[in-house]
Each structure stands twice: as C-alpha cells, then as structure tokens.
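Residues per chain are reported as follows:
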Amino acid sequence: MPVFKEEIISTAQIRKRTLIAFSFFFLFLAGCIFGWIWLHRQPESDGALKPLRAVLNTNEKVFSSLLLSDDHLAKNFSLDAAVHKVRVNGDAGMGNNFDPATWKLQVVRKPGDTLYVSLDEIKALPKTEVIFDFKCIEGWSQITHWGGAKFSDLVKKYGLDEQAQMQYAGLHTPDNAYYVGIDTKSIMHPQTILCYEMNGQPLPMNQGAPLRLIIPVKYGIKHLKRIGTIYFSNQRPPDYWFERGYDYFSGL
Ligand SMILES: Nc1nc2c(c(=O)[nH]1)N[C@H]1C(S)=C(S)[C@@H](COP(=O)(O)O)O[C@H]1N2
Ligand SMILES: [Mo]
C-alpha cells in the first residue's frame, strides 16, 4: 500500500513559490519581447531579416546534401488523379508583346556564344511525362499532368556537359521580367522537363507556351513560364522570389 505523506506548507512558503513562478514567467515574457525587437532591428539579407535568412540557408544545406539525389523522386500520380482545370498563377514576364511563332530557346554556352533551339527540335527529344503534386508557396497544391523533354536530354543532345558542371542554371522570360536560379543538381534531375504539353494538349499561353520549366522537386515559384534564355554560372543567378524574401533553394 502506498503511503501518502501530507506536507504542511506555510503561507510564507506559498508566497515564495508564487513569487518565483511569476518571476520566471515575466523573465520569459521579457525575453520574448526583447528577442522580437532584436530580430526586427537586424539588417535585411536578400529581402529577409538576417537571422531568418541564416535559418533558410542552413535548411538549404541540410536538405540539398541529404535528400536530393537521382533516386529521390517526387511522387508520381496516376493519370486519373490529375485535375482538368489547372490553376493559373503568376503573370510576371507574361505580357502581350510576345510572338510564340518566332520564338526560339536561347541557351548561353558562354558569354557571346548562344545556341538557338526551336520548339520542333525540343519536341524531337524523347518525351517525358510527369504527374505530380504542384505546390505553391501561397499554400495551394494541385495534381497536374505535364509533358516535355528532360532538361538533361537537352544537355546530352547539345553537348552542354561542361556547362552543366557549373553550380547553377539561370532562366529568364524573353522580357527579363521573371527570372529564377536553380542548382544544377535539381535542373538535371530526371523529373525536370522543358515542358510544352499540359494534359496531353499543347501548353496554353497563360501557362507558359511555347516552353516552360516543370521541376517537381521544387516549389511553384521555380517553374518558370515562357522560358526565353537559359545560362549557367557558379554564382547564384538572380531570383525573383528570393529577392522578395523567399528561400533560394525552395526544394520540396
Ligand atoms: N513567367 C512566370 N513564371 C512563373 C510565375 C510568374 O509570375 N511568371 N509564377 C510562378 C509561380 S509563383 C507559380 S505557383 C507557378 C504557377 O504556374 P501555373 O500558372 O501554371 O499554375 O508559375 C511560376 N512561374
Ligand atoms: Mo507560386
């Protein structure tokens, strides 16, 4: 049988314990308030407060080294899971002053040496389809179905292996208004495609015709619509949403 021993506590002891409890509570509260003020006095680094940017950078290091590899694939869904009404989001670089008929993809091999690739040439590469959960940082996601050529097949076909050894690829729209930077490992990933089809049909204009990027290992912000130019660099290319405070890596 357990024995319960009654403890007699004096009023003075109760008062002391209450005082200690409240002191801890106020210290904690003061810590929170000062922490908050301190954080907001920190300088900005690429659109985010410096300490927060440091957290993003650490996350990026961990996830890019541990999780991303060829055998780390985004989940592929069955055809009937794909939605028919695909959301249209983001229209930077999607102005009317653009003629898809005269468009060619520009691939900068090195400064002053640009390769021009037509849509027909891209369609001549093996076709790859992906059905995946497209996630936007705004909080929505949709299972969508896309078709196109693997970026890595373009690299193979046009002998861009040396360029693909660099750390980053940069992409921008023909008018330069939207631009992304992507680590080469992710753009060479087997599910990353130069996309010209959606739901088995030619890609609609507002979804990035004639050619957009579909990169299932990244959030929506990196899926640049209406690709004008692709180049390679060992420095981080400018990135539209990174400059507005988002994570550069933006991987899933
Ligand atoms: N050119 C261009 N591409 C873009 C954007 C944009 O504003 N301009 N927005 C991005 C964002 S935030 C998302 S979520 C996806 C949306 O693609 P969708 O319009 O096909 O749904 O496109 C990405 N690519
Ligand atoms: Mo997005």
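Rules used in this analysis
- Residues numbered from 1 in each chain as written.
- Chains lettered and ligands numbered in written order.
- Predicted model: local features only at pLDDT ≥ 70, side-chain atom pairs only at ≥ 80, totals over all residues.
- Heavy atoms only, no water.
- Core = buried A, V, L, I, M, F, W, Y, C linked by side-chain atoms within 4.5 Å.
- Buried < 20%, exposed > 50% of the residue type's maximum accessible area, 1.4 Å probe, protein only.
- Helix = DSSP H or I, 4+ residues; strand = E, 2+ residues; numbered from the N terminus.
- Contact = heavy atoms within 4.5 Å.
- Salt bridge = Lys/Arg side-chain N within 4 Å of Asp/Glu carboxyl O.
- Pairing = 2+ DSSP bridges.
- Domains from an automatic or database assignment.
- Phe/Tyr/Trp six-rings, centres within 6.5 Å; stacked < 30°, edge-to-face > 60°.
- Lys NZ or Arg CZ within 6 Å of the ring centre and 35° of its normal.
- Polar contact = N/O pair within 3.5 Å; in protein donor to acceptor, adjacent residues only side chain to side chain.
- Near = heavy atom within 4 Å.
- Areas by Shrake-Rupley, 256 points an atom, 1.4 Å probe, with all protein chains shown as cover.
- 1 Å grid on protein atoms, 1.4 Å probe; cavity = no way out; pocket = protein on both sides within 12 Å on 5 of 7 lines; lining within 4 Å.
- Sits in = over half its atoms within 2 Å of the grid points.
- Nonpolar A, V, L, I, M, F, W, Y, C, P; charged D, E, K, R; others polar.
- pLDDT = per-residue confidence, 0-100.

## Here we look at the nonpolar core
With 34 residues, the main nonpolar core has L105, L154, L171 and I227 as its most contacted residues. Of all the secondary-structure elements, those providing two or more residues to this core are β3 (105-110), β4 (113-117), α4 (151-157), β7 (168-172), β8 (179-183), β9 (193-198) and β12 (229-233). Excluding residues within four positions of it along the chain, L105 makes contact with L115, Y116, V117, I122, L211, I227, G228 and I230. If you look at the next biggest cluster of nonpolar residues, it comprises 13 residues, including V86, W140, W146 and I193.

## As for the pattern of salt bridges
Throughout the structure, instances matching the rule amount to seven salt bridges. Note that K135 is salt-bridged to D133, the shortest N-O span being 3.9 Å. The exposure class assigned to K135 is partly exposed, which follows from its relative accessible area of 31%.

## Section: the pairing of strand β5 (residues 127-135)
For a regular strand, the rule is simple: side chains alternate between the two faces of the sheet. Relative to strand β6 (residues 141-150), β5 runs antiparallel, the two being bridged by nine bridges. Residue E129 lies in a different strand from β6, and its bridge partner there is G147.

## Some points on the domain arrangement of the protein chain
Partitioning the protein chain into domains gives domain 1 (13-42) and domain 2 (45-244). Inter-centroid distance (C-alpha atoms) of domain 1 to domain 2 is 47 Å.

## Focus: the packing of aromatic side chains
Inspection of the entire model under this criterion finds ten aromatic pairs. Taking the centre distance of 6.3 Å and the plane angle of 40° together, the rings of F134 and W146 count as tilted. On the criterion of sequence distance, the pair formed by F134 in strand β5 and W146 in strand β6 is long-range, its members being twelve residues apart. Each member of the pair, F134 as well as W146, carries the same accessibility label: buried. Ring centres of F151 and F232 lie 6.3 Å apart, and the angle between their planes is 50°; this geometry places the pair in the tilted category. In this pair, F151 is assigned in helix α4 and F232 in strand β12, connecting sequence segments 81 residues apart. Residues F151 and F232 agree in their burial class; the two are buried. The rings of Y178, Y179, Y240, W241 and Y246 are connected pair by pair, giving a single aromatic cluster. Directly above the aromatic system of Y240 lies the positively charged group of R244, at a separation of 3.7 Å from the ring centroid.

## Side note on the side chain of T184
Position of T184 among the secondary structure elements: in helix α5 (residues 184-187). Separated by 2.3 Å, the side chain of T184 and the backbone oxygen of M166 make a polar contact.

## Considerations on the site of ligand 1
Ligand 1 sits among 19 residues. The nearest are R87, N89, A92, R212 and K225. At 3.3 Å, a backbone N or O of D91 approaches an oxygen atom of ligand 1. K225 has a polar side-chain atom sitting 2.6 Å from an oxygen atom of ligand 1. Here ligand 1 loses 97% of its free accessible area of 530 Å² to cover by the protein chains. Counting atoms within 2 Å of the grid points, the majority share of ligand 1 lands in the largest pocket. Class assignment for the residues of the shell around ligand 1 results in nine nonpolar, six polar and four charged.

## Some words on the confidence of the model for the protein chain
Low pLDDT marks stretches whose predicted atomic positions should not be read closely. On average, residues of the protein chain score 91 in pLDDT, and 94% of them are at 70 or above. The least confident element of the protein chain, judged by mean pLDDT, is helix α2 (residues 50-66) at 72; the most confident is strand β11 (residues 212-214) at 99.

## Observations concerning unusual backbone geometry
Geometrically, the link from A209 to P210 is a cis peptide bond, its omega value of 5° lying close to zero. Relative to the helices and strands, P210 is located in the loop between β10 (201-202) and β11. Even without a glycine there, the phi angle at N176 is positive, about 70°. Position of N176 among the secondary structure elements: in the loop between β7 and β8. Of note, N199 is a non-glycine position whose phi angle comes to about 50°, a positive value. Following the sequence through the fold, N199 ends up in the loop between β9 and β10. Residue classification places N199 among the partly exposed residues on the basis of a relative accessible area of 24%.

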